[in-house]
Amino acid sequence: MYDLLIQRVDVLQIANGAPVILPQHDIAIAGQRIVAIAPAISAGLARETLDGAGQLAIPGLINSHAHIAMSLFRGVAEDVPIEEWFNGFIWPLETNLTPEDVYWGALLGIAEMIEAGVTCVADHYFAADAIAQAVQESGMRALLAWTLFSGADEHDQLARARQFTEQWHGAAGDRIRVWMGPHAPYTCTPSFLRRVGQTARELGVGIHIHLAETAGQVAQSMAAHGQSPVQLVRDTGLFEVPAIAAHVAHVAPEDIATLAAHGVAVAVTPKTEMKLGIGVAPVTAMRAAGVTVAIGSDGAASNNTYDVLESARLLALLEKLRNSDARALPIGATLELATTAGARALRWDDIGVLQVGARADLALVHCATAHTQPLHDPAAALLYSSQPADVSTVIIDGRIVMRDRVLLTIDKSRVLREVTARIERLTQRQTEQRMAVYPELAAGE
Ligand SMILES: [Zn+2]
């Protein structure tokens, strides 16, 4: 007996970088997993059916780098360079946050992601226990990291991160996993990074870090340590555990070789990199070297949306422009960044695909819209024409969390009320109070 049968849907699979469509198939789900994909499965075998006609079933999208509670700061720091973005806006504003604020901000970000077909997120923030609560209640899937900075309270931060890991890693039927989240090599000392790596090894978890975001950061690392950020972090032992490095826009060939040799996954967040004018990772060169490249949104204070397909689309366009080659990052490879490569980056091996045995994380996308018809190429329509509002229904771990655009696990009007009520307090800026300090860097090349 199946719990759910999705009928007559076009199924998107990606095999070796190429999209494949299985037309008019049924998808049977039992418990948390996909148990059959075939034409005309008997509806009598299912407790519940969903009509998928005219829709495309896609693997739930994976957001490999985000700060979902930063939905609260969407639009507060526009058209400013990264140093002012951090020191003048984000880090002063974040001192206003209470765990309750983070909880409502996280629910807002999760609601937006589910509405855009995103079913899994690798998040990096503080008050991560409030985020875990939001993830648990909403039915979302997440890999959470509690952001760590160097400072007088390093010992307490590590103890809290350890306790958070022990409490939440594997929680909610393994929908929630936890890694360590050292912020970056420019906000964490090498000795602190070493201790974080040691803790990750002891707990058997990975790490998620920001790395080589700007040319100035690389120049400063060379001046202070005689090493690039990538080589510095490698020497602290952080790459001895599974690792996601976000941004990684400025790397030399030996850095790319190091990332490949240690199996470090790179989460590129092209909209943030473009908006802050900091440069975008050399994705084609990284992939050619064997680096797993995945796609992230980053926070809504720099991206403004958690629309993973928009970020993937931007990255494909950038790679074509950078390489002066329309063949760079083709559709199948780009969709992989947001699905199978995301799963590889998060070391979550049974998501990111629509296959028998995989976790039932998927979205149904309407294709009968003016902006996607006629449907010569469903994968092209998805990547280059679709909009988040085309996503009708989302299933995570076998559970329907959105049906016909109605969120079933999140009270969206309450979330919007709670967020609105907080905004005046949250946007008061006292720049002498900051979460951390972005260092003054040489301009870089
Ligand atoms: Zn980030």
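Residues numbered from 1 in each chain as written. Predicted model: local features only at pLDDT ≥ 70, side-chain atom pairs only at ≥ 80, totals over all residues. Heavy atoms only, no water.

**Student:** What is the right way to read the overall build of the chain from this model?
**Tutor:** A count of helical and extended segments in the chain gives 16 helices and 17 strands. A compact globule built from 445 residues should have a C-alpha radius of gyration of about 22 Å, and the chain, at 21 Å, falls within 12% of that. The principal-axis extents of the C-alpha atoms in the chain amount to approximately 65 × 50 × 40 Å. Out of the 445 residues in the chain, the part that is buried amounts to 61%. (Helix = DSSP H or I, 4+ residues; strand = E, 2+ residues; numbered from the N terminus. Rg over C-alpha atoms; globule rule 2.2 N^0.38 Å. Buried < 20%, exposed > 50% of the residue type's maximum accessible area, 1.4 Å probe, protein only.)

**Student:** Looking at this model, I keep getting lost on the UniProt feature "binding site: Zn(2+)" (unreviewed entry) in the chain. Mind explaining?
**Tutor:** Per the UniProt record, "binding site: Zn(2+)" (unreviewed entry) is found at His65, His67, His210 and Asp298. Taking the farthest pair of C-alpha atoms as the criterion, the annotated set spanning 234 residues converges on one region, since that pair is 11.9 Å apart. His65 has contacts with Ala122, His124, His208, His210, Ala246, His247, Ala267, Thr269, Ile295, Gly296, Ser297 and Asp298, leaving out every residue within four places of it along the chain. Side chain to side chain, His65 and His67 meet in a polar contact 3.2 Å long. Along the chain, the position of His67 falls in the loop between strand E6 (61-66) and helix H1 (82-94). (UniProt positions renumbered as here; feature names shortened; annotations may be inferred. Contact = heavy atoms within 4.5 Å. Polar contact = N/O pair within 3.5 Å; in protein donor to acceptor, adjacent residues only side chain to side chain.)

**Student:** Would you mind showing me how to read the coordination of the zinc ion here?
**Tutor:** Where a metal carries four tetrahedral donors, each ideal angle is 109.5 degrees; where it carries six octahedral donors, the ideal angles are 90 or 180 degrees. Around the zinc ion, the protein supplies His65 (NE2), His67 (NE2), His210 (NE2) and Asp298 (OD) as donor atoms, at distances of 2.1 to 2.3 Å. Taken together, the four donor atoms surrounding the zinc ion define angles of 82 to 179° at the centre, an arrangement classified as irregular. The sequence pattern describing where the donors of the zinc ion fall on their chain is H-x1-H-x142-H-x87-D. Taken together, the residues span a long stretch of sequence, with His65 in strand E6 and His210 in strand E10 (residues 207-211) at a distance of 145 residues. Both residues of the pair, His65 and His210, count as buried. (Donors = N, O, S within 2.8 Å, 3.2 Å for Na, K, Ca; no water. Tetrahedral: all angles 85-135°; square planar, octahedral: opposite > 155°, others 65-115°.)

**Student:** Would you mind showing me how to read the pairing of strand E5 (residues 55-59) here?
**Tutor:** Each regular strand displays side chains that alternate between the two surfaces of the sheet. Across the five residues of E5, five count as buried, placing the element largely inside the fold. Of the two faces of E5, the one lined by Gln55, Ala57 and Pro59 and the one lined by Leu56 and Ile58 are each fully buried. In the sheet, strand E1 (residues 4-15) pairs with E5 via two bridges, with the strands oriented parallel. The residue bridging Asp10 from the neighbouring strand is Leu56, located in E5. Pairing geometry for E5 and strand E14 (residues 362-366), over five bridges, is antiparallel. (Pairing = 2+ DSSP bridges.)

**Student:** How should I be thinking about the nonpolar core in this particular structure?
**Tutor:** The nonpolar side chains of a soluble globular protein tend to be buried, and buried together. Counting 138 residues, the largest nonpolar core has Ile114 and Met286 as the members making the most contacts within it. For this core, the leading source of residues is helix H2 (residues 99-115), giving ten residues. Taken domain by domain, this core gets at least three of its residues from each of domain 1 (4-59 + 358-407) and domain 2 (61-345). The contact partners of Ile114, leaving out residues within four places of it in the chain, are Ser138, Met140, Val391, Val394, Ile396, Val401, Met402, Leu407 and Ile410. Among the nonpolar cores identified, the runner-up in size contains 16 residues, and Ile27, Ile29, Leu354 and Ile395 belong to it. (Core = buried A, V, L, I, M, F, W, Y, C linked by side-chain atoms within 4.5 Å. Domains from an automatic or database assignment.)

**Student:** Can you walk me through the pattern of salt bridges in this structure?
**Tutor:** In a structure, side chains of opposite charge can pair up when their charged atoms sit close to one another. For the coordinates displayed, the defined rule picks out 23 salt bridges. Glu112 is the partner of Arg74 in a salt bridge, and the nearest nitrogen-oxygen pair spans 3.0 Å. One end of the pair, Arg74, is in the loop between E6 and H1; the other, Glu112, is in helix H2, with 38 residues separating them in the sequence. In this structure, Asp361 and Arg141 form a salt bridge, with 2.6 Å as the shortest nitrogen-oxygen distance. Pair noted here: Asp361 is in the loop between helix H14 (340-345) and E14 and Arg141 is in strand E8 (residues 141-148), with a separation of 220 residues, a long-range link. Its relative accessible area of 3% is what places Asp361 among the buried residues. Arg141 sits in the buried class, given a relative accessible area of 0%. (Salt bridge = Lys/Arg side-chain N within 4 Å of Asp/Glu carboxyl O.)

**Student:** When you look at the packing of aromatic side chains in this model, what are you seeing that I'm missing?
**Tutor:** Think of a pair of aromatic rings as described by two things: how far the centres are apart, and how the planes are tilted against each other in angle. Enumeration over the complete set of coordinates arrives at eight aromatic pairs. When the centroid spacing of 5.0 Å and the interplanar angle of 75° are considered together, the rings of Tyr186 and Tyr438 count as edge-to-face. Here Tyr438 lies in the segment after helix H16 (412-426) and Tyr186 lies in the loop between strand E9 (176-182) and helix H6 (190-203), a separation of 252 residues in the sequence. You can call Tyr186 buried: its relative accessible area is 12%. Given the relative accessible area of 4%, Tyr438 is considered buried. What links up through ring pairs into an aromatic cluster is the set Trp85, Phe86, Trp91, Phe149, Tyr186 and Tyr438. We note Arg177 situated over the ring of Trp348; from NZ or CZ to the ring centre the distance is 4.0 Å. (Phe/Tyr/Trp six-rings, centres within 6.5 Å; stacked < 30°, edge-to-face > 60°. Lys NZ or Arg CZ within 6 Å of the ring centre and 35° of its normal.)

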